[in-house]
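Residues per chain, in single letters:
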Amino acid sequence: MKKYLLKRFVMSIITLWAIVTITFFLMHAIPGNPFAKEGKMPPVVYENLQKKYGLDKPLYQQYLIYLGNLIRGDFGDSMKSRVETVNDMIERGFPVSARLGAQALVFALVFGPALGAMAALYQNKIPDYISMIVAIIGISVPSFVMGTFLIQFVAKNIGFFPIGGWGEFKHTILPSFALGLMPLATMARLMRSSMLEVLNQDYIKTAKSKGLTKFAVIMKHAVRNAILPVVSVLGITISNLLVGSFVIEKIFGIPGLGMFFVKSIGNRDYTLIMGTTVFYALILILMLLLVDITYMLVDPRIRLTEEGH
Amino acid sequence: MKSKKLLILLSLLLVVSVFVSACSSDNETPTTEPEEPTTGEEQTGEKILRTNNSSEPGSLDPALAQGTHESWILNNLFEGLMKHDSTGQIIPGMAKEYTLSEDNLTYTFTLRDDIKWSNGDPVTAQDFEFAWKRALDPELAADYAYQLYYIKGAEKYNSGEGTVDEVAVKALDDKTLEVTLEAPTAYFLDLCAFYTYYPVNKAVAEANPDWAKDPSTYVSNGAFKLKSWEHNAKITLAKNENYYDKDNIKLDGIDFDIIEDENTAWQKYEGGEYDILVTLPQAVVAQLKAENNPELQIGPEVGTYYYNLNNDKKPFNNKKVRQALVYALDRQTIVDKIAQGGQIPATGIVPPGLLDENGEDYRKTTGDFIGYDLEKAKALLAEGLAEEGMTVEDFNAQGFVLLYNTSEAHKKIAQAAQEMWRTNLGLEVGLENVEFQVKLDREKAGDYDISRAGWIGDYSDPMTMLDLWYTDGPFNDANYSNPEYDKLIDIAKGTADQKVRFDAMRKAEKILMEDVPIVPVYFYTQPYAVKPYVTGVYKIPINYPTITYADINK
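Q: What's the story with the overall build of chain A in this structure? I'm lost.
A: Of the regular secondary structure elements, chain A holds 14 helices and 0 strands. Going from the N terminus to the C terminus, chain A shows its helices and strands as α-α-α-α-α-α-α-α-α-α-α-α-α-α. By sequence separation, contacts in chain A at least 24 residues apart represent 72% of the contacts at least 6 residues apart.

Here it is in structure tokens:
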């Protein structure tokens, strides 16, 4: 276990370095610059800005300086904001996005697998149809449509929900719902298909023939085994939810991190592009590691093969 | 045994989610809680104007501001030497009076006696000198430093060649400021109302260079002061009791939300959460216009929407071909049926609303240069293509492309232009949308045939639009060059004689509209919505709607 973790840690560092390097050079290769505007800027002003942000240096030097700062945990100054550094932006935006993401995750985790399990148990009966209709809506309705719909019809008609904005718990309900619908649907579908597979396995028959109650069979044997595919997508799902969604944050006017992912690229705000990318990569790597550990704990087969080597 | 592992799994998940939500609510509480009492609606008796500023300001330091998302807020926080009245006339602000030297180069401003910063310090001439020199500091690297290049020695200092002492702005005493310009500039007083020219409290800024980042250290000299700033969420202003004209300020404060999505902001306005809203979705403007809704205001704007023609490329090097493209556009239809925001068909390059030497509308007294004339367009195209030894088929075989930055509105207008050129002239032009940055890059490299562009003026003078096509000028993406036009621009920029200046500008625009290096499409307007109980909001062409003197009569 220790050896495995160490190996994973080293791999994670290498992955992170690769992501930093590729993003850095790709980002500088695309046309445009952080100071571009309609019409050209007087060359003097442009040069001053280049100098201020160190963009006048050769690219490899900029890269080395960036790596050095990164190791110290310094993401640098945003090239668009003179008020906040990239670290400030992440420190401020991440808790907002993460809170929304966590709520969406809880929502998806509570209802997704349950819906899928129910569908499998009542295959081709009404509950199956209902839950799969919900799943299809969740997967196929894009979040900007769902968000607009929620604002237009729910928030405007039911006075309780604010139309966008941030501050209190009630501000988070609609966006969490919109954000959680897609993972909920994905989980429901995954759960349904794996549950159907599990229900046909011999050990379920054995369990039934042992005389266990239907409830015990489902909870102890079927769900336990069927949930594995859901666990395996959790890593990516959690990371995606935590760092926020551009669309949801824009529509609901939420000051989160998700917004920066898209805006920084449009603005060619190099330091913010790097900051958000590295931060996302960190979260993703961490979550994948957590999921793998979880997997080992739930599925004895994986542990056996690991230990067998 | 098995249920134990299930428990471990569940608790692990719980730990992750609890940890995440816990750390989020921890960090959040301190920033949001103090703001809650300012939610406007619950205010009793206080008059708070609520609105949306569609984008987070990059800074609220006047020297570092560079667009309306900063200036709309700054204009309520600061006041320059001069300011605009509700009719757009320039009137004294912080200055009581000024004198201009014989050679039209040196302005001497005398400041009012009763002016104070929001922290109680008196506003001095030194504050202005400090602010302008600071904005020019190459180390600060302010985007808008070039707005100060009219001052003698300014550009040199900003480029790192000159020294700060060579910048010809000097506080003679606490109340007297002397400025010497590079060349006579008839609209210099107008610039003195512009945000790059706002003063900065010298003592505060020298003691704390980061003064503008935090409301607790923020000091301003205008009608309001900065009360709170929740990044990407909300900015609130409170009335400045130290402002000399405070009796004319009816509001106790202004709340700006920062919501980027136009539709969400509009829903909030409609739901009664805003008293005024400036950036409206296109469809909403069209609908309000159709309903004749009295809340909709169509304000004037100094801006022109146009297409660059690549003057280096055959056949766009031919004047007649360019003219044909200009005359073949039915701008009225584009404005009425497609843009639908109350825009005005372009009849030249200078939009209406700017005043001439007699205080009348420049556009009206100068007359129309271009319009929709199908017969003329056809004849010009035939002549022009013949001169280049081309036929319409040759033109179409080139596969010319109109480049625009990705946006639904630009796309629709481009499609209309494409269709008009096709049906009216038989010319085939393709469309290509690219990201804004890519468009800019290709324009600069001359790697385009036709490209969409727009220019919003910086100051209230026709020159803000007219000098864009100066040979090798920084904004001349069409790569146009005409020595005669350049000379007229030089004449207009080198004189303070209004008659000579406006004559030269009119001639320059005439040449420009004969050579048409670009295809003007329409003059921008600024639609905005104001609730019926709000009074005192007005719009002068150069600024966003002025809300400083607004009143709420509920």
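Continuing now.
Q: Would you explain the pairing of strand β6 (residues 169-173) of chain B in this entry?
A: All names here are of chain B. Pairing of β6 with strand β7 (residues 176-180) involves 4 bridges; the strand directions are antiparallel. Among the inter-strand pairings, V169 is bridged to a residue of β7, identified as V179. Here β6 folds back onto β7 in antiparallel fashion, the turn holding 2 residues.

Q: Could you clarify how one ought to interpret the environment of G384 of chain B in this entry?
A: Residues and elements named next belong to chain B. Within the element layout of this structure, G384 appears in helix α12 (residues 374-387). It is 59 Å that separates the C-alpha atoms of G384 and A171, two residues lying 213 residues apart in sequence. Apart from the residues within four sequence positions on either side, G384 is in contact with P315, N318, K320, V321 and A324.

Q: How should the sheet that holds strand β10 (residues 253-257) of chain B be read in this particular structure?
A: Strand pairs in the sheet, formed through backbone hydrogen bonds, run parallel or antiparallel to each other. Residues and elements named next belong to chain B. Reading across the sheet, the 4 strands line up as β1-β10-β9-β8 and stay open at both edges, with mixed pairing between neighbours. If you trace the sheet from one side to the other, it starts and ends with β1 (48-52) and β8 (224-230), each paired once. Within the sheet, the average angular offset between the axes of one strand and its neighbour, ignoring direction, is 15°. In this sheet, strand β9 (residues 234-239) lies alongside β8 in antiparallel orientation, the contact comprising 6 bridges. Residue F224 lies in a different strand from β9, and its bridge partner there is K239. Where helix α2 (residues 68-77) meets the sheet, its contacts fall on β8, β9 and β10, and the angle it forms with β8 comes to roughly 140°.

Q: Sorry if this is basic, but what is going on with the sheet that holds strand β5 (residues 106-111) of chain B here?
A: All names here are of chain B. Here 4 strands make up an open sheet; going across it, the order is β4-β5-β7-β6 and the pairing antiparallel. Single-partner strands in this sheet number two, and they are β4 (95-100) and β6. Averaged over all pairs of adjacent strands, the angle between their axes in this sheet comes to 20°, without regard to strand direction. Strand direction decides the pairing type here: β5 and β7, joined by 5 bridges, are antiparallel. Across the sheet, residue T110 finds its bridge partner in β7, namely T176. Each of β5, β6 and β7 touches helix α3 (residues 125-136); the most contacted strand, β6, lies at about 165° to it.

Q: Explain unusual backbone geometry here, please?
A: Negative phi characterises most residues that are not glycine, and trans characterises most peptide bonds. Residue and element names in this part refer to chain B. Residue P315 is reached from K314 by a cis peptide bond, and omega for that bond is 0°. Within the secondary structure, P315 is located in the loop between β12 (296-309) and α9 (319-327). Although it is not a glycine, N104 sits at a positive phi angle of roughly 60°. Along the chain, N104 falls in the loop between β4 and β5. Classification of N104 by C-beta neighbours within 10 Å gives partly exposed; the count is 16.

Q: What is the right way to read the pairing of β5 of chain B from this model?
A: Consecutive residues of a regular strand have side chains that alternate between opposite faces of the sheet. Here β5 of chain B shows a buried face lined by Y107, F109 and L111 of chain B and an unburied face lined by T106, T108 and T110 of chain B. The antiparallel hairpin formed by β4 of chain B and β5 of chain B contains 5 residues in its connecting segment, where N104 of chain B sits at a positive phi of about 60°.

Q: What is the right way to read helix α14 (residues 408-425) of chain B from this model?
A: Think of an α-helix as turning once every 3.6 residues; residues three or four places apart then point the same way. Helix length check: α14 of chain B (18 residues) gives 25 Å between terminal C-alpha atoms against 26 Å at 1.5 Å per residue, within 8%. Two residues or fewer after α14 of chain B comes G426 of chain B, characterised by a positive phi angle close to 75°.

Q: When you look at helix α1 (residues 2-29) of chain A in this model, what are you seeing that I'm missing?
A: Here α1 of chain A is 28 residues long and its end C-alpha atoms lie 41 Å apart, about the 40 Å a rise of 1.5 Å per residue gives. Little of α1 of chain A sits out of view: just 1 of its 28 residues are buried.

Q: What exactly am I supposed to notice about the confidence of the model for chain B here?
A: In low-pLDDT segments, the atomic positions of the prediction should not be examined closely. Residue and element names in this part refer to chain B. Put simply, chain B has an average pLDDT of 90, and 92% of its residues get 70 or more. When mean pLDDT is compared element by element in chain B, strand β11 (residues 276-277) scores highest at 98, while helix α1 (residues 2-32) scores lowest at 42. Low pLDDT, under 50, characterises residues 1-43; the stretch is placed with 42 contacts to residues that sit more than four places away or in other chains. Across the interfaces of the predicted complex, the ipTM metric reaches 0.86, alongside a pTM of 0.87.

What counts and how
Residues numbered from 1 in each chain as written. Chains lettered and ligands numbered in written order. Predicted model: local features only at pLDDT ≥ 70, side-chain atom pairs only at ≥ 80, totals over all residues. Helix = DSSP H or I, 4+ residues; strand = E, 2+ residues; numbered from the N terminus. Contact = placed C-beta atoms within 7 Å. Pairing = 2+ DSSP bridges. Axes fitted to C-alpha atoms, helices over the stretch in contact; angles between N-to-C directions. Buried ≥ 20, exposed ≤ 12 C-beta atoms within 10 Å, placed from the backbone. Expected span 1.5 Å × (residues − 1). pLDDT = per-residue confidence, 0-100.

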